[in-house]
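Structure at a glance
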Amino acid sequence: MPVEILMPALSPTMEEGNLAKWLKKEGDSVAPGDVIAEIETDKATMEVEAVDEGKIGKLLISEGTEGVKVNTPIALLLADGETEADLDKGPAKPAAEAPAAQPDDDKAEAPQAKADAAKVPAAPKMEAAADPDIPEGTEMVSTTVREALRDAMAEEMRSDERVFVMGEEVAEYQGAYKVTQGLLQEFGDKRVVDTPITEHGFAGVGVGAAFAGLKPIVEFMTFNFAMQAIDQIVNSAAKTLYMAGGQMGAPIVFRGPNGAAARVAAQHSQCYAAWYSHVPGLKVVMPYTAADAKGLLKAAIRDPNPVIFLENEILYGQSFDVPKLDDFVLPIGKARIHKQGKDATIVSFGIGMTYAVKAAEELAGAGIDVEVIDLRTIRPMDLDTVIESVKKTNRLVTVEEGYPQSSVGAHIASQVMQRAFDHLDAPVITVAGRDVPMPYAANLEKLALPNVAEVVEAVKAVTYRN
Amino acid sequence: MARAASKTAASKTAAGKTTATKARPAKKPSAGGAVQAPKSPPPENFTKEQELAAYREMLLIRRFEEKAGQLYGMGLIGGFCHLYIGQEAVVVGMQMTLKEGDQVITGYRDHGHMLAADMEPRGVMAELTGRRSGYSRGKGGSMHMFSKEKNFYGGHGIVGAQVPLGTGLAFANRYRGNDNVSLTYFGDGAANQGQVYESFNMASLWKLPVIYIIENNRYAMGTAVARSSAETDFSHRGLSFKIPGIQVDGMDVRAVKAAGELAVDWCRSGKGPIILEMQTYRYRGHSMSDPAKYRSKDEVQKMRSEHDPIEQVKQRLIAKKWADEDALKVIDKEVRDIVGDAADFAQADPEPDVSELYTDILL
C-alpha cells in the first residue's frame, strides 16, 4: 500500500501554504532526508524532506498550487516492491500516522476541552502544620537575628553532610554582614565556599549541585545582586521539578538581606518579596523575629524545594527570645498571630512588622485593639489565618516596605475581597513604600518608606475613628 | 550581506574536515600556575563492533529526528522543535567515553543527547507529542526533558543556562570525592553568554571535573559565527581562565571519541575543566520554522555529501568489508522499526490527566 506524503506545517499556527516547486518527479527514487519539494507561506519558504524510502508513485498536488491545507496528501510513495498498479489500492497511510489525520475529538482530554474554564481542576490546598509546642519551662535566650541565622545553618550542617554554604565573603571574611561568622572554622572550606563576585554563575552552580542531590545554601550579599541571578532562580531552580515530571528538582536555599537598609539608595534598596512570590515552584520566607529566623531557616534547608529566604540588614542586630531547644524547626507556610485583638487586623512580614507592632501599641492607647499577623511565609501564603482574623475584626490593613503596585498587600486585599467580602466593614488599606526608586537624601528616604503614623491612620480609617 | 558573511565563517572554521584534530594549546603560562595543554589525539581506530555501534546509534538519532520533523509537520509536535540532524557524531562519540555516574546536560537541541544517553525513544517521542508517558509526563516538551536514571540533567531552554548548572554537577562530584565528570554541552551561540565565563572561572578556580563541549555548528540561530563572535576559535575561549581547549572534527565519530577520552581522563585525574570545540554542522534550520535563508544550499549540500558523519562510518564499514549493503540495510530496518514504534506509541499514548496541571510544582 503506498504511503501518503502530507502537506507539512512550518509552525503550529500554519494552516495552509503554497506548493511552490516539486524537486522530484513521478518515478524518482527517494531516500530519507532527500528534498522532494519546496513549500512557502507568507513568512517563509521551506524544503520538504522525505522521511521514508521509496519511489514517487504519484504527485497529487501540482507545482504552483496555492492554499494547500496542512495535512493534505501531496504525493504517494511506493515502497520497495510496489508498482504503479498499487496506486489504485487507495490512499493508505502508515498506521503510525492515522491518528494525526483524524483529530480525536471524542477524547475527553483533547486540548480544546481544556480551554473550557469550568473544567480546569481546582488547585490543591496546601496545609501547613502548626508551630511546635514549646515545652513549659523551656529556657528563652535573647538572640540577635544574625546569630539565630548562623545557628540555624550550623545546626543543619552538623546534621547533614550534604548541606554547604556558598557566596561572596561567606568564609574568610566571615560574612559581609557576619551572618556566617565561625562557619569556616567549624566546617572548613569544602563546605563554606567563598565565590567570586559572579551571582549569575554561582546561583547556577548551586542549582546544578542541588540537581545532583546536594543541599546548597546560596548567600547573596544582598538580594539586589540576585537580579543578576534571577534567571537561574526562576527558570532553573523553580521550574525544573515541573518540567521534569517530578524526576528532579532543586533543594536549595537562596538567602541574604533584602529591602532597604539605610542611605544606600536606589540600586541597593528594594524588596523582592512580591517578585519571588509571583513564581510557582518557589517558596518565599521573610521572617521578622530571631526565633522565626532560626526555625524557618532550618525548615528551609530541609525543604526539598527551592526556598527564597529574605532577611533584612536592619533586623540583623535586633534581639528576640529564642527557645533553647535541640532542634527548633518551624513550619513554612504558616502565619503567626503576633498579637491578638478584636477591632482591626494588621498583616505584615519582615521589617514591615516593626511598623505594625509600634502602631498596635499606639492604637491600644487610643482604645483600638488590633490583631497583628506576621505572615512569615509569603509563598505559600497562609491566607486562612488572615481570613479567620478578618472574619473576627472585619477590618484589614497590610503593611510592607516594597513598592505598592502588584505588592504582597495588593494580593492579600484581592484574596480577602474574593473570599471574605461580606465580612469587610471597610475597604482594605494597603500601606507600602512609595512608588519611587529609593532616594539617597535622608529626608527623602524617610518619605519613601512607610511609617508608624501612617499605619495608625490607616487603622483609624478602617475603624472609622477619625 | 548575510550570505557573504556566512561564507566567510565557513571558510574560517572549516568544520568537518576529515583530517586529524588539531591541538590549540593554551598560551605559554604566565607566572602563577601552568596549564600543560594536552596534545590533540588522532582519530581513534575503531574496531568493527565500535563502528557498527556508532553507525547504529547515529542512524537512530537521524531517523528519530526525521520522524520528529514529520510529526511536527503534521501538527502532532507543538511549540519549538530543534533537530540534531548532521551533528550526530558529537554525542555518539562522547557517550562512548563515559562510565556509570557521569552526567550529561545540554541546551534545547537535545533529542540526540537523550537517545545517546540510552533514554527510551518512546519516552522521548511521547514527550515531544506532549503525552503522559513522555519523560516529563508531557509537561516539559522538546526543550525540557530529563532522566535521573540515565544521568541526563536536561534539556534547558534558556541559551547558556545549562553551563553553570553543568558546572554545579561537577561541583557535586568534587564535593562527594568521586571521579565522575560532567559533560556540559552548549553551542557557538551560547558561548557568548556571560554566565559561560562566570562558570569557566569557578570551574578552573576549583578544579571542577567538567568537560565543556562547544558544539560549533557555525550558526547561532541565523547568525554566522563570524558575525557574532570576535574570537571564532572556540577552543581558545578558556584561555583567560587557564582552561585548555582542543578543536575536534565533530563530523568524525572517531575523532570525537579520541578527544573525548583525552578530556575524560583529564577531568578524572583532577586537572580541572577542559574545552572541546566540536566543529559540526546542522543540516536543518535552527528550528522547524526556520527556512535557513542565511546560508547557501551549496554549503549544506557540500557538508552532506562530503562530511556526513553516518556516511563516513558506512564507507569505512564497506571498505573494510566489515559489513555489506545488505547487512547495513538490516540495521536500517531495525532502526526504522524502533523509530516507527516510538512514533506510533507517541500518538496512541493519551495526553496527561488534567490533574497533572497541579502536580510536580512543589515536593
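This is a predicted model, so every value here is computed, not measured.

Considering the overall build of chain A
Summing up its helical and strand segments, chain A has 15 helices and 22 strands in all. Its C-alpha atoms give chain A a radius of gyration of 31 Å, more than 25% over the compact-globule value 23 Å for 466 residues. Projecting the C-alpha coordinates of chain A onto the three principal axes gives extents of approximately 100 × 60 × 50 Å. Evaluated residue by residue, chain A yields a buried proportion of 49% over its 466 residues. Considering only contacts in chain A between residues 6 or more positions apart, those separated by 24 or more positions represent 74%.

Concerning the interface of chain A and chain B
Contacts between chain A and chain B engage 60 residues on the former and 56 residues on the latter. Where the side of chain A that touches chain B is concerned, the elements lending two or more residues are β5 (45–49), α1 (98–101), α5 (199–211), α6 (230–238) and α7 (240–243) of chain A. Looking at which element gives the most residues to the side of chain A that touches chain B, the answer is α5 of chain A, with ten residues. Of the residues in the side of chain A that touches chain B, the class split is 32 nonpolar, 21 polar and seven charged.

With respect to the nonpolar core
I346, V397, V455 and V459 of chain A together with I211 of chain B are the most contacted members of the largest nonpolar core, which has 232 residues in total. Considering each element in turn, this core owes the most residues, ten residues, to helix α2 (residues 48–73) of chain B. Once residues lying within four places of it in the same chain are set aside, the contact partners of I346 of chain A are A356, A359, A360, V370, V372, V397, V399, V455 and V459 of chain A.

Some remarks on the sheet that holds strand β15 (residues 307–311) of chain A
Residues and elements named next belong to chain A. On the basis of which strands lie adjacent, the open sheet formed by seven strands has the order β11-β10-β12-β13-β15-β14-β20 and mixed pairing. At either end of the open sheet lies a strand with only one pairing partner, and these are β11 (192–194) and β20 (377–379). Direction aside, neighbouring strands of the sheet carry axes that sit 20° apart on average. In this structure, strand β10 (residues 163–167) lies alongside strand β12 (residues 215–219), joined through five bridges in parallel fashion.

As for the environment of A458 of chain A
All names here are of chain A. Here A458 lies in helix α15 (residues 452–462). Along the backbone, A458 and V397 are 61 residues apart, and their C-alpha atoms lie at a distance of 6.7 Å. Aside from chain neighbours lying at most four places away, what touches A458 is V397, I429 and V431.

Considerations on the confidence of the model for chain A
When the pLDDT values of chain A are averaged, the result is 91; 94% of them are 70 or greater. Ignoring residues within four places in sequence, the model shows residues 94–114 of chain A, a span with pLDDT below 50, making 25 contacts including any to other chains.

The rules we used
Residues numbered from 1 in each chain as written. Chains lettered and ligands numbered in written order. Predicted model: local features only at pLDDT ≥ 70, side-chain atom pairs only at ≥ 80, totals over all residues. Helix = DSSP H or I, 4+ residues; strand = E, 2+ residues; numbered from the N terminus. Rg over C-alpha atoms; globule rule 2.2 N^0.38 Å. Buried ≥ 20, exposed ≤ 12 C-beta atoms within 10 Å, placed from the backbone. Contact = placed C-beta atoms within 7 Å. Nonpolar A, V, L, I, M, F, W, Y, C, P; charged D, E, K, R; others polar. Core = buried A, V, L, I, M, F, W, Y, C linked by C-beta atoms within 7 Å. Pairing = 2+ DSSP bridges. Axes fitted to C-alpha atoms, helices over the stretch in contact; angles between N-to-C directions. pLDDT = per-residue confidence, 0-100.

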